[in-house]
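# Analysis of the macromolecular model
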Amino acid sequence: MRQALCCKMAVEYDMFLQQDKRWFCHVDDDNYLNVHELVKMLNQYKHTDDVYLGRPSINHPMETYDRHENMQKVNFWFATGGAGFCISKGLALKMIPYASGGKFMSSCERIRLPDDCTLGFIIERLLRVKLVQIQQFHSHLEWLKFIKKEELPHQISLSYGLTPYRGSARNIIGLDEVFSESDDPTRFKSLHCLLYPYVDLCSGHVKRRR
């Protein structure tokens, strides 16, 4: 699994370098991405600067061993891919010696950790660029039900878990209205209608905001 994730990220990164884009943003395909809030956040930073944006899934730096430095113990913060992250073009270019053309796979093997951890290792440990922690990124590794309804429109990414989580049957956002749980087990359809009540999907299901 680790090698497969690293391979996928290596391809994503190389594809980004071939494009004339300002930001490399990764979000898992089972997350909800609020594009408006993402763009609003990115506009606060310069893509030419060294910028690493995301949210950790643990409350302490990751610790591992660097196999290129005589198994030296190293620690660094990393943005979990389960919540999403963004890297500026300026920083992505500085990652080339450690990530392009298959080098990302070598970096993964260097610390024997998954793709998102390896990105944190390259950026924080090797390039000495600190992660800017953005609380509006969310993964299934946190209690999503504690996000208040009025705060949901201002989040960048949201996730879900349909298997038992810490004694609860599911880990989903607390949004009960709009669609039934059988029609919308992830609550993402309901969230979409909260944000965009005028789209066809939501017609007849929600009251339009004035």
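These remarks concern the structure in this document. The structure presented is a predicted model; accordingly, all values stated were derived computationally and were not measured. (Residues numbered from 1 in each chain as written. Predicted model: local features only at pLDDT ≥ 70, side-chain atom pairs only at ≥ 80, totals over all residues. Heavy atoms only, no water.)

## What to know about the state of the cysteines
For the record, the criterion: Disulfide assignment relies on a single distance test, namely cysteine sulfur atoms paired within 2.5 Å. For the purposes of this entry, the term helix denotes a DSSP run of H or I that reaches at least four residues, the term strand denotes a run of E that reaches at least two, and both are numbered from the N terminus. Relative accessibility under 20% of the residue-type maximum defines a buried residue, over 50% an exposed one, and the middle range a partly exposed one, all with a 1.4 Å probe and only protein chains included.
Applying the stated criterion across every chain, the model contains three disulfides. Each sulfur of the disulfide joining Cys-25 and Cys-86 lies 2.1 Å from the other. Looking down the S-S bond of the Cys-25 and Cys-86 bridge, the torsion is 115°, so its handedness is right-handed. Of the two residues, Cys-25 sits in strand S1 (residues 23–26) while Cys-86 sits in strand S6 (residues 85–88), which places them 61 residues apart along the sequence. Note that Cys-193 is cross-linked by a disulfide to Cys-202, the S-S spacing being 1.9 Å. In this structure the cystine formed by Cys-193 and Cys-202 twists about its S-S bond by roughly -90°; its chirality is therefore left-handed. Note on accessibility: Cys-193 and Cys-202 belong to one class, buried. Looking at the protein chain, its bonded cysteines, counted consecutively from the start of the sequence, adopt the pairing 1-4, 2-3, 5-6. Cys-6 supplies the cysteine sulfur nearest to Cys-7, a cysteine that is in no disulfide, at a spacing of 8.8 Å.

## Considering the pairing of strand S5 (residues 72–76)
Put simply, the rule is: Two strands qualify as a pair provided that DSSP identifies no fewer than 2 bridges between them.
Note: strand S4 (residues 62–66) against S5, five bridges, orientation antiparallel. Following the sheet pairing, Thr-64 is matched in S5 by Val-74. Between S4 and S5, which follow one another and run antiparallel, lie five residues, and Asn-70 among them has a positive phi close to 55°.

## Focus: the packing of aromatic side chains
Two numbers describe a pair of aromatic rings. These are the distance of the centres and the angle of the planes. In plain terms, the rule: A pair of aromatic rings is counted whenever rings of Phe, Tyr or Trp (Trp by its six-membered ring) have centres within 6.5 Å, and the orientation is called stacked for planes under 30 degrees apart, edge-to-face for over 60 and tilted otherwise. Counted as over-ring charges are cases with an Arg CZ or a Lys NZ within 6 Å of the ring centre that also lie within 35 degrees of the ring normal.
Considering all chains together, one arrives at seven aromatic pairs under this definition. Relative to Phe-85, the ring of Phe-24 has its centre 6.3 Å away and its plane inclined at 90°; by these criteria the two rings are edge-to-face. Of the two residues, Phe-24 sits in strand S1 while Phe-85 sits in strand S6, which places them 61 residues apart along the sequence. Under the relative-accessibility criterion, Phe-85 is labelled buried at 1%. Feature note: the residues Tyr-13, Phe-16, Phe-24 and Phe-85 constitute an aromatic cluster, connected by ring pairs. Over the ring of Trp-143 we find Lys-145; its NZ or CZ atom is 4.5 Å from the centre of that ring. Over the ring of Phe-179 we find Lys-189; its NZ or CZ atom is 4.6 Å from the centre of that ring.

## A short note on the packing of helix H5 (residues 103–111) against helix H6 (residues 115–126)
Rule in force here: Orientation is described by lines fitted to C-alpha atoms, with helices fitted over the stretch in contact, and by angles between N-to-C directions that extend from 0 to 180 degrees. For classification purposes, angles smaller than 35 degrees are called roughly parallel, those larger than 145 roughly antiparallel, those between 65 and 115 roughly perpendicular, and all remaining angles oblique. By the convention used here, residues are in contact when the closest approach between their heavy atoms is within 4.5 Å. Classes in brief: Ala, Val, Leu, Ile, Met, Phe, Trp, Tyr, Cys and Pro nonpolar; Asp, Glu, Lys and Arg charged; the others, Gly included, polar.
One can describe the packing of H5 onto H6 by two numbers: an axis separation of 9 Å at closest approach and a directional angle of 90°. Here H5 lies roughly perpendicular to H6, going by the angle between them. Here Phe-104, Ser-107, Cys-108, Arg-110 and Ile-111 of H5 lie close against H6, whose contacting residues are Asp-115, Cys-117, Thr-118, Leu-119, Phe-121, Ile-122 and Leu-126. By residue class, the composition of the contact of H5 with H6 is eight nonpolar, two polar and two charged.

Interpretation in functional terms is not warranted from these geometric data alone.
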